[in-house]
Amino acid sequence: MRLPDELDTLREAAPAGFAARVLDRVGVPAHRYDCYVRADSPVGTLYVAHGRGAVTGAAATDWYADDRAFEDAYRARTRRSALSGIKPPPGLARALRGRDRTLRYEFGPLPEEQRAVLLATRAVPFGQLRPAAWLAREAGLPDLTPEAVVEAVRANPVPVLVPAHRLCTDDGLPADCGLPAAFEQRLRDWEGVDAERVERFVRAGARFLGSGTTRIFCYPTCAHARRITARHEVPFTSADEASAAGFRGCLSCRPAVV
């Protein structure tokens, strides 16, 4: 039965955390459902879902028409309900600044290989990019194809927090990680990825950058590579070429031989 118009206008959305508090009051254990919060991040407001001691999902709020649409999408992916909550998981604020690696993640019904690749993206430092071969190696799956790595990255259910946006193509350009292009660009701009510098090395065919003083070579976005002055830059098209020239791989970015 439809409410009279004058009563219908009085309806309001329940406050955040209301449903979770009701379930707690009637004795429904928290492990039976997940919660989500709205969290401010440097790239906009996010939904962040969590439960059973792990972050279970994230998404920009403007990707959904409303909270119900996010809840429906979450249930379709995880087969679990997510209720609006008021308490974020411990460590979330620091993680949203891109500097925390202590949060636990539960990726839901993803294959084990894809989970391993997503966890490997957390080894890519803030503001840097790595190619598929590097992620496969870090995941302990050196024979995984680039296509499989890209598929895993695009299946990431926890964007921003799990930094799949740090994937690049073999030539060094930022890769399409399955998010809206403008959002991916905001993420990389926030992290300080210098797009013009990256494109300069790509145009020159330089997949690695050596230092003429230290005789060490890196990925161009490595923090050590960014400190090489222009007159000491030694570009290389491959790790083999760098090694043959007497350069050794950076211990920080650990260039992959591809």
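Residues numbered from 1 in each chain as written. Predicted model: local features only at pLDDT ≥ 70, side-chain atom pairs only at ≥ 80, totals over all residues. Heavy atoms only, no water.

Colleague: Tell me about helix α9 (residues 195-203), residues and numbers included.
Modeller: Within α9, the full set of buried residues consists of R197, V198, F201 and V202. All buried residues of α9 project into a common sector of 135° when viewed along the axis, lining one side. Turned more than 90 degrees away from the buried face of α9 sit E196 and R203, all of them exposed. Against the buried residues of α9 lie β7 (208-211) and β9 (233-236). N-capping of α9 is provided by D194, with a side-chain oxygen placed 3.2 Å from the backbone N of E196. (Buried < 20%, exposed > 50% of the residue type's maximum accessible area, 1.4 Å probe, protein only. Helix = DSSP H or I, 4+ residues; strand = E, 2+ residues; numbered from the N terminus. Arc of directions from axis to C-beta. Contact = heavy atoms within 4.5 Å. Polar contact = N/O pair within 3.5 Å; in protein donor to acceptor, adjacent residues only side chain to side chain.)

Colleague: Describe the pattern of salt bridges, naming the residues involved and giving the relevant values.
Modeller: Per the stated rule, a full pass over the model turns up twelve salt bridges. With a shortest N-O distance of 3.3 Å, R52 and D34 are connected by a salt bridge. Here R52 is found in the loop between β2 (44-51) and β3 (54-60), whereas its partner D34 is found in strand β1 (residues 34-41), with 18 residues between them in sequence. With relative accessibility at 46%, the residue R52 sits in the partly exposed group. (Salt bridge = Lys/Arg side-chain N within 4 Å of Asp/Glu carboxyl O.)

Colleague: An account of the sheet that holds β1 is requested, with residue identities and associated values reported.
Modeller: Strand order in the open sheet formed by four strands is β3-β2-β1-β4, with mixed pairing between adjacent strands. A strand with exactly one partner marks an edge of an open sheet, and here the two such strands are β3 and β4 (82-84). The sheet shows a mean angle of 35° between the axes of neighbouring strands, taken without regard to direction. Inspection of the sheet shows β2 paired to β3 by six bridges, in the antiparallel sense. Across the sheet, Y47 pairs through a bridge with A59, a residue of β3. On top of the sheet, helix α3 (residues 67-78) reaches β1, β2, β3 and β4; it is set at about 125° to β1, its chief contact. (Pairing = 2+ DSSP bridges. Axes fitted to C-alpha atoms, helices over the stretch in contact; angles between N-to-C directions.)

Colleague: Quick one: what's the story with the confidence of the model for the protein chain, residue by residue and with numbers?
Modeller: For the protein chain, per-residue confidence averages 88 on the pLDDT scale, and residues scoring 70 or more make up 86% of the total. Within the protein chain, strand β8 (residues 216-218) carries the highest mean pLDDT (97), whereas helix α2 (residues 18-25) carries the lowest (46). Note on residues 6-11: pLDDT is under 50 here. Beyond four places in sequence and across chains, it has three contacts. (pLDDT = per-residue confidence, 0-100.)

Colleague: Residue-level account of the packing of aromatic side chains, with values.
Modeller: Taken as a whole and assessed by the stated rule, the structure comprises twelve aromatic pairs. For the ring pair Y36 and F70, a centre distance of 5.3 Å and an interplane angle of 70° mean the geometry is edge-to-face. Placement of the pair is Y36 in strand β1 and F70 in helix α3, with a sequence separation of 34 residues. The exposure classification of Y36 matches that of F70, with both residues buried. (Phe/Tyr/Trp six-rings, centres within 6.5 Å; stacked < 30°, edge-to-face > 60°.)

Colleague: Describe the environment of Q128, with residues and values.
Modeller: Here Q128 lies in the loop between α5 (112-120) and β5 (130-131). Sequence separation between Q128 and V193 is 65 residues, and the spatial gap between their C-alpha atoms is 6.6 Å. Here Q128 is in contact with R166, E191, T221, C222, A223 and R226, once residues within four sequence places are set aside.

Colleague: Any chance you could break down the sheet that holds β9 for me, citing the residues and the numbers?
Modeller: Strand order in this open sheet of four strands is β9-β7-β8-β10, and the pairing throughout is mixed. Each edge of the sheet is formed by a strand with only one pairing partner; in this case those strands are β9 and β10 (248-249). One ladder, built from two bridges, connects β8 with β10; its direction is parallel. Each bridged residue has a counterpart across the sheet, and for F217 the counterpart in β10 is G249.

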